[in-house]
Amino acid sequence: MLASFFLEPFADFWGLLFWYLAIAIIDISLATVLLNTMPLFITLLSALMGHDSIGKNRILAVMFGFGGVLLILLPIKADFNLIGVSYALLGAFFCGAHVRIYTCAWEKRCIYFNRYLV
């Protein structure tokens, strides 16, 4: 619980920082599409943190999701900015980490409170 007290604001800060850096460099429509990859990162982080099992359907869904992002990015033009795209994806990753850390802490808090309320 104490770790989530420090990790959650850390992830939130970096997520917002990378988001603002991304919209300063690339078009806001592309940055918004890339930020909406956050559920894909939440799914991956859930498996890495060991709190959720990922079956074949979820793995397939995540692969199709990232494939869709690649389809959006594929018409690479001369003004394509890899740094801006990287900032947007890092923003989505850290925002996803923020959400996952928050939900883990909340689930533990709910279990803690339920134990003493019942």
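The structure we're discussing is the one just above.
Here's a quick rundown of the structure. Because the structure is a prediction, the values reported are computed rather than measured.

**Concerning the overall build of the chain**
In step 1: When its secondary structure is counted, the chain shows five helices and zero strands.
In step 2: Its helices and strands taken in sequence order, the chain reads α-α-α-α-α from the N to the C terminus.
In step 3: The buried share among the 118 residues of the chain stands at 28%.
In step 4: Put simply, of all contacts in the chain between residues at least 6 apart along the chain, 81% involve residues at least 24 apart.
In step 5: On the chain, roughly 8000 Å² of surface is accessible, and the fraction owed to carbon and sulfur atoms is 72%.

**What about the packing of helix H2 (residues 28-35) against helix H4 (residues 56-73)?**
In step 1: Two numbers describe how H2 lies on H4: the axes approach to 11 Å, and their chain directions differ by 170°. As judged from the angle between their axes, H2 and H4 are roughly antiparallel. Touching Leu30, Val33 and Leu34 of H2 are Val69, Ile72 and Leu73, all from H4.
In step 2: Considered class by class, the residues forming the contact of H2 with H4 number six nonpolar, no polar and no charged.

**Points about the side chain of Thr37**
In step 1: You can see Thr37 is positioned in the loop between H2 and helix H3 (38-48).
In step 2: Residue classification places Thr37 among the buried residues on the basis of a relative accessible area of 3%.
In step 3: Filtering out sequence-adjacent residues up to four positions away, Thr37 remains in contact with Val69, Leu89 and Ala92.

**Examining the environment of Phe18**
In step 1: Its location among the elements puts Phe18 in helix H1 (residues 2-25).
In step 2: Sequence separation between Phe18 and Leu89 is 71 residues, and the spatial gap between their C-alpha atoms is 8.3 Å.
In step 3: Excluding residues within four positions of it along the chain, Phe18 makes contact with Tyr87, Ala88, Leu90, Gly91 and Phe94.

**Overview of a nonpolar patch on the surface**
In step 1: A contiguous nonpolar surface patch, about 240 Å² in accessible area, is contributed by Phe13, Leu17 and Leu21.
In step 2: In this fold, Leu17 is placed in helix H1.
In step 3: Classification of Leu17 by relative accessible area gives partly exposed; the value is 30%.

**Thoughts on H2**
In step 1: Along H2, the residues that are buried comprise Ala31, Leu34 and Leu35. Looking down the long axis of H2, one finds its buried residues gathered within 100° of arc, a one-sided arrangement.

The rules behind the values
- Residues numbered from 1 in each chain as written.
- Predicted model: local features only at pLDDT ≥ 70, side-chain atom pairs only at ≥ 80, totals over all residues.
- Heavy atoms only, no water.
- Helix = DSSP H or I, 4+ residues; strand = E, 2+ residues; numbered from the N terminus.
- Buried < 20%, exposed > 50% of the residue type's maximum accessible area, 1.4 Å probe, protein only.
- Contact = heavy atoms within 4.5 Å.
- Areas by Shrake-Rupley, 256 points an atom, 1.4 Å probe, with all protein chains shown as cover.
- Axes fitted to C-alpha atoms, helices over the stretch in contact; angles between N-to-C directions.
- Parallel < 35°, antiparallel > 145°, perpendicular 65-115°, else oblique.
- Nonpolar A, V, L, I, M, F, W, Y, C, P; charged D, E, K, R; others polar.
- Patch = residues over 30% accessible without salt bridge, like charges linked within 9 Å, V, L, I, M, F, W, Y side chains within 5 Å.
- Salt bridge = Lys/Arg side-chain N within 4 Å of Asp/Glu carboxyl O.
- Arc of directions from axis to C-beta.

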